[in-house]
Amino acid sequence: MSLVHTFENKTAVITGSARGIGKAIATEFAKLGANVVISDINAEMCEETAKELNAGILKSSENSAIAIAADVTDSSAVEALVKGAVEKFGSLDVVVNNAGITRDTLLVRMSEEDWDTVIRINLRGSFNVTRASAKIMMKQRSGRIVNIASVVGMRGNAGQANYSASKAGLIGLTKSAALELAPRGVTVNAVAPGFINTEMTDAMTEQATEAFLKTVPLRRKGEPEDVAAAVLFLASESASYITGQTISVCGGINM
């Protein structure tokens, strides 16, 4: 089996892909020949990212990127997202549940609204996308679903009770969905990033960054492309016998 990943004539839908880790994942799929569906709640940013890929990486390719804005908490919008991808490209081969938010504060100060919002977007949103995608993939008898979890869903983190709970729930969803979909040739796995170089971590103070890096054995932040590499592996034929697993991309934090 070749370890060189290719996604020629494959369709990849990535939620939360207008920027950050999601955009990096979409970009890597495009580099490897996939048709890419950029999906985010912000329609304008979706269009900008799709145009960027089409004008750059995909300019001389037969494949393309399209934008379909969707609120993952809205099941009808998610159904339209999946339907739009299949109508445009003819199949649904890879789905990456990346859309998510944080609303960080200590547990005793956390409002019910902040709890509910994070759970609704991070966990219910992934459920909506997984359910809609599974219907198509089961009929195809093939497909890859990759969920972007977090190391804090495996080990917890002070000030992130809602986020940790949502990502722990996503890991549980990954395992259950993997069991249900395996007989139809569909794999479901998760990637759990750690301290990744994003807008969110850039906003941290220098002191907070230094303190956090001391907990990372590799003593540096990861890059969005590090997360993308793990996603591409799990979506590839090289990972056809891997399902229900969570791969930590965290510089050793989660040992």
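Each value, and the rule that gives it
Residues numbered from 1 in each chain as written. Predicted model: local features only at pLDDT ≥ 70, side-chain atom pairs only at ≥ 80, totals over all residues. Heavy atoms only, no water. Pairing = 2+ DSSP bridges. Helix = DSSP H or I, 4+ residues; strand = E, 2+ residues; numbered from the N terminus. Axes fitted to C-alpha atoms, helices over the stretch in contact; angles between N-to-C directions. Contact = heavy atoms within 4.5 Å. Expected span 1.5 Å × (residues − 1). Buried < 20%, exposed > 50% of the residue type's maximum accessible area, 1.4 Å probe, protein only. Core = buried A, V, L, I, M, F, W, Y, C linked by side-chain atoms within 4.5 Å. Right-handed = clockwise from strand over helix to strand, strands pointing away. Salt bridge = Lys/Arg side-chain N within 4 Å of Asp/Glu carboxyl O. Parallel < 35°, antiparallel > 145°, perpendicular 65-115°, else oblique. Left-handed = near helix turned anticlockwise from the far one by under 90°.

A.B. asks: How do you make sense of the sheet that holds strand E7 (residues 246-249) when you look at a structure like this?
C.D. replies: Within a sheet, adjacent strands bond to each other through the backbone by hydrogen bonds, running parallel or antiparallel. Across the sheet, seven strands lie side by side as E3-E2-E1-E4-E5-E6-E7; this open sheet has parallel pairing. The open sheet has two edge strands, strand E3 (65-67) and E7, and neither has a second partner. If you compare each strand with its neighbour and ignore which way they point, the axes differ by 20° on average. Sheet topology note: the strand E1 (residues 11-15)/strand E4 (residues 94-97) ladder contains three bridges and is parallel. Along E4, the bridge assignment pairs Ala12 with Val94. Contacting E1, strand E2 (35-39) and E3, helix H3 (residues 75-89) crosses the sheet at an angle of about 155° to E2. Sitting on the sheet, helix H4 (residues 112-140) touches E1, E4, strand E5 (143-148) and strand E6 (186-193), and the angle it makes with E4 is about 170°.

A.B. asks: What am I meant to see in helix H9 (residues 224-235) here?
C.D. replies: The α-helix advances 3.6 residues per turn, and as a result positions three or four apart in sequence lie on the same side. Over its 12 residues, H9 runs 17 Å from end to end, which matches the ideal 16 Å to within 8%, given 1.5 Å per residue. The set of residues buried in H9 consists of Pro224, Val227, Ala228, Ala230, Val231, Leu232, Leu234 and Ala235. Where H9 is buried, its residues meet helix H1 (20-31), E4, E5, E6 and E7.

A.B. asks: Would you take a moment to explain unusual backbone geometry for this structure?
C.D. replies: Leaving glycine out, the prevailing phi sign among residues is negative, and the prevailing peptide bond configuration is trans. Of note in this structure, Asn9 is not a glycine but carries a positive phi near 65°. Topologically, Asn9 is positioned in the segment before E1. In this structure, Arg141 takes a positive phi of about 60° despite not being glycine. Structurally, Arg141 can be placed in the loop between H4 and E5.

A.B. asks: Even after reading the chapter, I still don't get the nonpolar core, so can you show me in this structure?
C.D. replies: Nonpolar side chains tend toward joint burial in soluble globular proteins. Grouped together as the largest cluster of nonpolar side chains are 30 residues, with contacts concentrated most on Ile25, Phe29, Val36, Val191 and Val231. Contributing elements (two or more residues each) for this core: E1, H1, E2, helix H2 (43-55), E4, E5 and H9. Excluding residues within four positions of it along the chain, Val36 makes contact with Ala12, Ile14, Ala26, Phe29, Ala30, Ser64, Ala65, Ile66 and Phe89. Ala70, Phe89, Leu92 and Ala134 belong to the second largest nonpolar core, which has 28 residues in total.

A.B. asks: Would you mind going over the pairing of E1 with me for this structure?
C.D. replies: Put simply, side chains in a regular strand alternate between the two faces of the sheet. Taken across its five residues, E1 has five buried, putting it largely inside the fold. The two faces of E1 match: Thr11, Val13 and Thr15 on one face and Ala12 and Ile14 on the other face are all buried. When E1 meets E2, the two strands line up parallel, connected through five bridges. What sits directly across from Ile14, in E2, is Ile38.

A.B. asks: Any chance you could explain the pairing of E4 here in plain terms?
C.D. replies: Because side chains alternate across E4, one face comprises the buried residues Val94 and Val96, and the other comprises Val95 and Asn97, equally buried. Alignment of E4 against E5, held across four bridges, turns out to be parallel. From the neighbouring strand, Asn97 faces E5, where its bridge partner is Asn147. Chirality of the crossover, the property in question, places the unit of E4, H4 and E5 among those that are right-handed.

A.B. asks: Before we go on, may I ask you to explain the pattern of salt bridges in this structure?
C.D. replies: In a structure, side chains of opposite charge can pair up when their charged atoms sit close to one another. Tallying each qualifying case throughout the model produces six salt bridges. Between Glu28 and Lys31 there is a salt bridge, with the nearest N and O atoms lying 3.2 Å from each other. Of the two residues, Glu28 and Lys31 both sit in helix H1, three residues apart, roughly one turn of that helix. Judged by its relative accessible area of 51%, Lys31 falls in the exposed class.

A.B. asks: Looking at this structure, how should I read the packing of H4 against helix H6 (residues 161-181)?
C.D. replies: A packed helix pair is summarised by two numbers, namely the angle formed by the two axes and the spacing between the axes. Direction vectors running N to C along H4 and H6 enclose 15°, while the axes themselves pass 8 Å from each other. It follows from the interaxial angle that H4 and H6 lie roughly parallel. Note on packing geometry: the crossing formed by H4 with H6 is right-handed. Contacts from Asp114, Trp115, Val118, Ile119, Asn122, Leu123, Ser126, Phe127, Thr130, Ala134 and Met138 in H4 reach Ala161, Asn162, Tyr163, Ala165, Ser166, Lys167, Gly169, Leu170, Leu173, Ala177 and Leu181 in H6.

A.B. asks: Can you walk me through the environment of Asp116 in this structure?
C.D. replies: Relative to the elements of secondary structure, Asp116 occurs in helix H4. In this structure the C-alpha to C-alpha distance between Asp116 and Ser61, which are 55 residues apart in sequence, comes to 42 Å.

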